[in-house]
Amino acid sequence: MRSLSPISPAQSENQTQSPISNSQVVTPKRASGGFALLDSLVRHGVEYIFGYPGGAILPIYDDLYKVEATGAIKHILVRHEQGASHAADGYARATGKVGVCFGTSGPGATNLVTGIATAYMDSIPMIVVTGQVPRASIGTDAFQETDIYGITLPIVKHSYVVRDPKDMARIVAEAFHIASTGRPGPVLIDVPKDVALEEFDYLPVVPGSVKLPGYRPTVKGNPRQINAAIQLIRESRRPLLYVGGGAIAANAHEEVKKLAELFNIPVTTTLMGIGAFDEHHPLSLGMLGMHGTAYANFAVTDCDLLICVGARFDDRVTGKLDEFASHAKVIHIDIDPAEVGKNRVPEVPIVGDVKNVLTDLLRRCQSANAKATPNQNQEWLNLINRWREEYPLVVPHYPDSMSPQEVIVEIGRQAPHAFYTTDVGQHQMWAAQFLKNGPRRWISSAGLGTMGFGVPAAMGAKVAFPDEEVICISGDASFQMCLQELGTLAQYGINVKTVIMNNGWQGMVRQWQQAFYGERYSCSNMEVGMPDIEFLAKAYGIKGMVISNRDELPDAIATMLAHNGPVIVDARITRDENCYPMVAPGKNNAQMIGLPKQTPKAAVEPVYCSNCGSKNPPNHNFCAECGTKL
């Protein structure tokens, strides 16, 4: 098994047959369209390509064979094109760079569609290169011809069909610029076979030198709107920061933290926003929405000011939209003007890069010496702390089975700083609830909800960070969607750990059928035909493990993490565990089901200090912590 390590720019420049380096004098060079593509990718810092060859893209792979031999770039051969797109996606989410994947024409290109849509929904920068039939055959229903340009129009940020190899370098430069600026997203480059073969006088295009008329994303926020936002924050008594994936994309976690601490504002995140704010911080409320924490959902229902940072008021967050934060004024900060006011009209809209806007807002606060006045939000924080105590996230302990929450908590305890990828379903929500993640270390398909995403996305993250721990949390149904990528893990020795929450069901489907469809479990049981996961792993030359009870859980997780190579763990969990709390369809965020049962309250409740929030016996006249009169 080969280990993976990124190449250095020096290595690329020292190779006489390698793609032209930026340090060389630019002179025309006779080259093919395929070489121009690969040289342009190297110039844009691409180290890894995830892909699968085929007839129409073979000329590019022939050039790749020569370029890869120089060490200028590394290709990861996946077992299915969907795996290539998810791996490029995972690479991009983990690094913040543009991920790259290849696929051939026809079925190769259409197999990429799910991964392209996944990246588009979550605003992930990605370059997708597809082979195409020769130019003369386009439109003739040639063998393996599909109009991938037309098919993907609704799910890409931009698309190209390269009609002339002389345009290749410019198109690649434009594609990287479009994919990585403004609101990020995938860009498709469709390359006819004869374009890749044709030789021409190649001149490279310097990265970042392209100018696109009509494409100028707004980066700086309007100063007048930023001042209006500061005024609303200063006047608020129950503010809430609602942070989405835009804060991750903008690398704005430090600015979010500074704003929260400056004004004592509690912070809740979307599924995409997990990691944008330290979840160990006392101001953190965790995730909100359909399976968010009760205290986050109560807070968004009762706040008087909602500061939306890089989020889009998704239906899984808002529940019943007209009752979402219905008592609050809204500040909405987003780089995409199409999102501002789309679902909720804000009192203060600010279009711009989240990091730039928050930096400017903080600077203006400092120059005006604006910050929260003493005790301004304390009553609000005290109320939230009561909700925390009354409605905590619960880890069940059953006498005869192991709960999925126990497994996830133990993994998080032993690998607190790992990159975590997930598939989609109950396990995804439990992982979102109980894992505490740093920026870019939470990688999950949020918008499209793509089963099969977890393992290939973990491959991409691990290739990017070979020395970091990368763990995929999957479900028995999701895992089977892309299990062929175990072959990729085995071939390259990609040291990903996968833990499968195995309850024998499509877990979230079963939960909905139980709650809303009269317990009619139509086509959701997965037991018949379920592979023996331990033996399946061994068939690929990978270590397989089974965990059946909580007594063996700590040692098994430790063994998994210590193993030098990929591991697949079959965790046999409680069969009928449901994911709570849950906001039912058509309900508002405060109308959750599955909240922990409340014990009867004492006749006299404790008194909370208005200054420091400490809990005091009801017969005290002064706070025991700070001395404030109660």
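The structure reproduced in this document is the subject of the present report. (Residues numbered from 1 in each chain as written. Predicted model: local features only at pLDDT ≥ 70, side-chain atom pairs only at ≥ 80, totals over all residues. Heavy atoms only, no water.)

**A few points about a nonpolar patch on the surface**
On the surface, a nonpolar cluster with roughly 340 Å² of combined accessible area is contributed by Phe516, Tyr517, Tyr580 and Ile593. Topologically, Ile593 is positioned in strand β22 (residues 592-593). The class for Ile593 is partly exposed, based on a relative accessible area of 31%. (Patch = residues over 30% accessible without salt bridge, like charges linked within 9 Å, V, L, I, M, F, W, Y side chains within 5 Å. Areas by Shrake-Rupley, 256 points an atom, 1.4 Å probe, with all protein chains shown as cover. Salt bridge = Lys/Arg side-chain N within 4 Å of Asp/Glu carboxyl O. Helix = DSSP H or I, 4+ residues; strand = E, 2+ residues; numbered from the N terminus. Buried < 20%, exposed > 50% of the residue type's maximum accessible area, 1.4 Å probe, protein only.)

**Focus on the sheet that holds strand β20 (residues 567-572)**
An order of β16-β15-β17-β18-β20-β19 is seen for the 6 strands of this open sheet, with the pairing classed as parallel. Either end of the sheet is taken by a strand with one partner, and the two such strands are β16 (442-443) and β19 (543-547). Sheet topology places strand β18 (residues 496-502) next to β20; 6 bridges connect them, and they run parallel. Note that in β20 the partner of Asn502 across the bridge is Arg572. Contacting β15 (419-422), β16, β17 (470-475) and β18, helix α19 (residues 454-464) runs over the sheet at an angle of about 175 degrees to β17. Against the sheet, helix α24 (residues 553-562) contacts β17, β18, β19 and β20, and its axis sits at roughly 165 degrees relative to β19. (Pairing = 2+ DSSP bridges. Contact = heavy atoms within 4.5 Å. Axes fitted to C-alpha atoms, helices over the stretch in contact; angles between N-to-C directions.)

**A closer look at the pattern of salt bridges**
All chains considered together, the criterion is met by 26 salt bridges. Between Asp122 and Arg93 there is a salt bridge whose closest N-O contact spans 2.9 Å. Here Asp122 is found in the loop between α6 (113-121) and β5 (126-132), whereas its partner Arg93 is found in helix α4 (residues 81-95), with 29 residues between them in sequence. For Asp122, a relative accessible area of 5% corresponds to the buried category. Judged by its relative accessible area of 7%, Arg93 is buried. Residues Glu468 and Arg441 are paired through a salt bridge, measuring 3.3 Å at the closest nitrogen-oxygen approach. Within this pair, whereas Glu468 is found in the loop between α19 and β17, its partner Arg441 is found in the loop between α18 (426-434) and β16, the two being separated by 27 residues in sequence. One network of salt bridges, in which partners are shared, links Arg183, Asp336, Glu339 and Lys342.

**Looking at the environment of Glu261**
As for its placement among the helices and strands, Glu261 is situated in helix α12 (residues 253-263). Between the C-alpha atom of Glu261 and that of Ile233, which follows or precedes it by 28 residues, the distance is 13 Å. If near-sequence neighbours (up to four positions away) are discounted, Glu261 is found in contact with His281 and Leu283.

**Considering the sheet that holds strand β11 (residues 284-287)**
Taken together, the 6 strands give an open sheet; going across it, the order is β11-β10-β9-β12-β13-β14, and neighbouring strands pair in parallel fashion. The open sheet terminates on both sides in strands that have one partner only, identified here as β11 and β14 (348-351). Pairs of neighbouring strands in the sheet enclose a mean axial angle of 15 degrees, with direction left out of account. Here strand β10 (residues 267-269) pairs with β11 via 2 bridges, running parallel. By the bridge assignment, Val267 is partnered in β11 with Ser284.

**Details of helix α17 (residues 404-414)**
Residues three or four positions apart in an α-helix share a direction because the helix packs 3.6 residues into each turn. The set of residues buried in α17 consists of Pro404, Gln405, Glu406, Val407, Ile408, Glu410 and Ile411. Looking at the buried side of α17, the elements it contacts are β15, α18, β17, β18, α24 and β20.

**Digging into the nonpolar core**
Membership of the largest hydrophobic core comes to 49 residues, with the highest contact counts inside it found for Phe50, Phe479, Leu489 and Ile568. Ranked by the residues each element gives to this core, the list is headed by α19, at 7 residues. Not counting residues within four places of it along the chain, the set of residues in contact with Phe479 comprises Asp423, Val455, Ser474, Leu486, Thr498, Ile500, Leu536 and Ile568. Ranked by size, the runner-up nonpolar core spans 39 residues in total, among them Ile49, Phe102, Ala196 and Phe200. (Core = buried A, V, L, I, M, F, W, Y, C linked by side-chain atoms within 4.5 Å.)

**Notes on the packing of α4 against α19**
Between α4 and α19, whose axes approach to 6 Å, the crossing angle comes to 50 degrees. When the axes of α4 and α19 are compared, the pair comes out oblique. At the point where α4 passes α19, the crossing takes the right-handed sense. Contact residues: Gly83, His86, Ala87, Gly90, Tyr91, Ala94 and Thr95 in α4; Pro456, Ala457, Met459, Gly460, Ala461 and Ala464 in α19. Residue classes in the contact of α4 with α19 are distributed as 8 nonpolar, 5 polar and no charged. (Parallel < 35°, antiparallel > 145°, perpendicular 65-115°, else oblique. Left-handed = near helix turned anticlockwise from the far one by under 90°. Nonpolar A, V, L, I, M, F, W, Y, C, P; charged D, E, K, R; others polar.)

**With respect to the packing of aromatic side chains**
The way to describe two aromatic rings as a pair is by their centre distance and the angle between their planes. Enumeration over the complete set of coordinates arrives at 14 aromatic pairs. Ring centres of Phe298 and Trp387 lie 5.5 Å apart, and the angle between their planes is 40 degrees; this geometry places the pair in the tilted category. Taken as a pair, Phe298 in helix α13 (residues 294-302) and Trp387 in helix α16 (residues 378-390) lie far apart in primary sequence, 89 residues in all. Of the residues examined, Trp387 reaches a relative accessible area of 10% and is grouped as buried. Through a chain of ring-to-ring contacts, three or more aromatic side chains come together here, namely Phe298, Trp380, Trp387 and Tyr391. The ring of Phe419 has Arg441 sitting right over it, with the charged end atom 4.2 Å from the ring centre. (Phe/Tyr/Trp six-rings, centres within 6.5 Å; stacked < 30°, edge-to-face > 60°. Lys NZ or Arg CZ within 6 Å of the ring centre and 35° of its normal.)

**Some words on the side chain of Asp39**
Examined against the element boundaries, Asp39 turns out to sit in helix α2 (residues 33-43). Classification of Asp39 as buried rests on a relative accessible area of 0%. Looking at Asp39, its side chain comes within polar contact range of the side chain of Tyr202, at 2.3 Å. (Polar contact = N/O pair within 3.5 Å; in protein donor to acceptor, adjacent residues only side chain to side chain.)

**Some details on α6**
Within the sequence span of α6, burial applies to Gly115, Ile116, Ala117, Thr118 and Ala119. Check the buried side of α6 and you find it contacts α4, β5 and β7 (186-192). Just beyond α6, the residue with positive phi is Ser123, at close to 60 degrees.

**Let's talk about unusual backbone geometry**
Here the residue pair Tyr580 and Pro581 is connected by a cis peptide bond, since its omega of -5 degrees sits within 30 degrees of zero. As for its position among the elements, Pro581 is in the loop between β20 and β21 (582-583). Even without glycine at this site, Asn251 takes up a positive phi of about 55 degrees. Relative to the helices and strands, Asn251 resides in the loop between α11 (245-249) and α12. With relative accessibility at 39%, the residue Asn251 sits in the partly exposed group.

**Notes on empty space enclosed by the protein**
Considering all chains together, one arrives at 1 cavity of 30 Å³ or more under this definition. Taken as a whole, the largest cavity encloses approximately 40 Å³ of empty space. In this structure, the largest cavity is lined by Val267, Thr268, Thr269, Gly273, Ile274, Gly275, Phe277, Glu279, Ser284 and Gly286. For the lining of the largest cavity, the secondary-structure elements that each account for two or more residues are β10 and β11. Sort the elements by how many residues they give to the lining of the largest cavity and β10 lands first, with 3 residues. Grouping the amino acids of the lining of the largest cavity by side-chain chemistry returns 3 nonpolar, 6 polar and 1 charged. (1 Å grid on protein atoms, 1.4 Å probe; cavity = no way out; pocket = protein on both sides within 12 Å on 5 of 7 lines; lining within 4 Å. Points joined across faces, edges and corners; volume = space filled by probe spheres on them.)

Geometric descriptors of this kind do not, in isolation, establish any biological role.
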